[in-house]
Amino acid sequence: AWWPGKIPAGTSTDAITTMMDVLPTFAKLARAPLAADRKIDGVDVWPILVGAPALPPRSEFLYHRGLLLEAVRSGPWKLHLAKNELYNLTSDIGEATDVSAQHPEIVARLTAIADASKSDLGRDGIGPGVRILGRVAQPQPLIALDGTVRADVAGPQKSFP
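Described in the following lines is the structure provided in the data block. From a predicted model like this one, the values you see are computed outputs, not experimental measurements. (Residues numbered from 1 in each chain as written. Predicted model: local features only at pLDDT ≥ 70, side-chain atom pairs only at ≥ 80, totals over all residues. Heavy atoms only, no water.)

Details of the sheet that holds strand β4 (residues 85–88)
If you trace the four strands from one edge of the open sheet to the other, you get β1-β2-β3-β4, paired in antiparallel fashion. Of all strands in the sheet, those bounded by a partner on one side alone are β1 (60–65) and β4. Pairs of neighbouring strands in the sheet enclose a mean axial angle of 20 degrees, with direction left out of account. In this structure, strand β3 (residues 77–80) lies alongside β4, joined through four bridges in antiparallel fashion. Paired with K78 across the strands is Y87, a residue of β4. (Pairing = 2+ DSSP bridges. Helix = DSSP H or I, 4+ residues; strand = E, 2+ residues; numbered from the N terminus. Axes fitted to C-alpha atoms, helices over the stretch in contact; angles between N-to-C directions.)

Have a look at this one:
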């Protein structure tokens, strides 16, 4: 991230962040409330972006491919479930050296996190916490090809330059 005067140059972090964090972070910056009637998967990562001392926004992350849970990350550790391979991302960002044999306690902890996900997102199918896909009858873009903003979202702005 880069924002002169806001985000210091060279700021880096080991915190786990994702594109899902863009909505809640931008909403906070815009002072816009998030919808209270639904679960928002992302978190506000603004303190991380500006280098403020803050707790990491999340302690673990689940990697899904479709409905299949493929990997679990916690701190520097990432466990690939299908092959039961463990990597330390601090010393091996390219995931070249499996260290599962040297750290069975980490493998057990990450496996437990994966197993706990069965009661929410599921490990290999639709779990009870998966939200139904949204559908919109006759969807229309917010901005037409000619630059006209859709009337139901335009407010006073009718088009963009």
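Some remarks on the pairing of β1
Two faces, one strand: in a regular strand the side chains alternate between the faces of the sheet. Sheet topology note: the β1/strand β2 (residues 68–74) ladder contains six bridges and is antiparallel. Bridging across to β2, E60 finds its partner in S74. The hairpin turn running from β1 into β2, its antiparallel successor, is two residues long, and G66 in that turn takes a positive phi close to 65 degrees.

A closer look at the side chain of S117
Structurally, S117 is set in the loop between α3 (104–116) and α4 (151–154). Once residues lying within four places of it in the same chain are set aside, the contact partners of S117 are L62, L69, G122 and R123. (Contact = heavy atoms within 4.5 Å.)

Considering α3
The α-helix winds at 3.6 residues per turn, so residues separated by three or four positions along the chain end up facing the same way. The terminal C-alpha atoms of α3, which comprises 13 residues, lie 18 Å apart, in line with the 18 Å expected from a rise of 1.5 Å per residue. Taken as a whole, α3 has its buried residues at I106, V107, L110, I113 and A114. All buried residues of α3 fall inside an arc of 125 degrees around its axis, so they share one side. Where α3 is buried, its residues touch β1, β2, β3 and β4. (Expected span 1.5 Å × (residues − 1). Buried < 20%, exposed > 50% of the residue type's maximum accessible area, 1.4 Å probe, protein only. Arc of directions from axis to C-beta.)

Description of the layout of surface pockets
Size it by volume and the largest pocket reaches roughly 710 Å³. Taken together, 23 residues line the largest pocket, and the ones lying closest to its centre are D41, L62, H64, D120 and L121. Elements with a contribution of two residues or more to the lining of the largest pocket: β1 and α3. Among the elements that line the lining of the largest pocket, the one with the most residues is β1, at four residues. The calculated volume of the second largest pocket comes to roughly 340 Å³. As for the second largest pocket, its lining consists of 19 residues, of which A1, I7, T17, V45 and L49 are closest to the centre. Every element with two or more residues in the lining of the second largest pocket is listed here: α1 (22–29) and α2 (46–49). Classifying every residue of the lining of the second largest pocket by side-chain character gives twelve nonpolar, six polar and one charged. (1 Å grid on protein atoms, 1.4 Å probe; cavity = no way out; pocket = protein on both sides within 12 Å on 5 of 7 lines; lining within 4 Å. Points joined across faces, edges and corners; volume = space filled by probe spheres on them. Nonpolar A, V, L, I, M, F, W, Y, C, P; charged D, E, K, R; others polar.)

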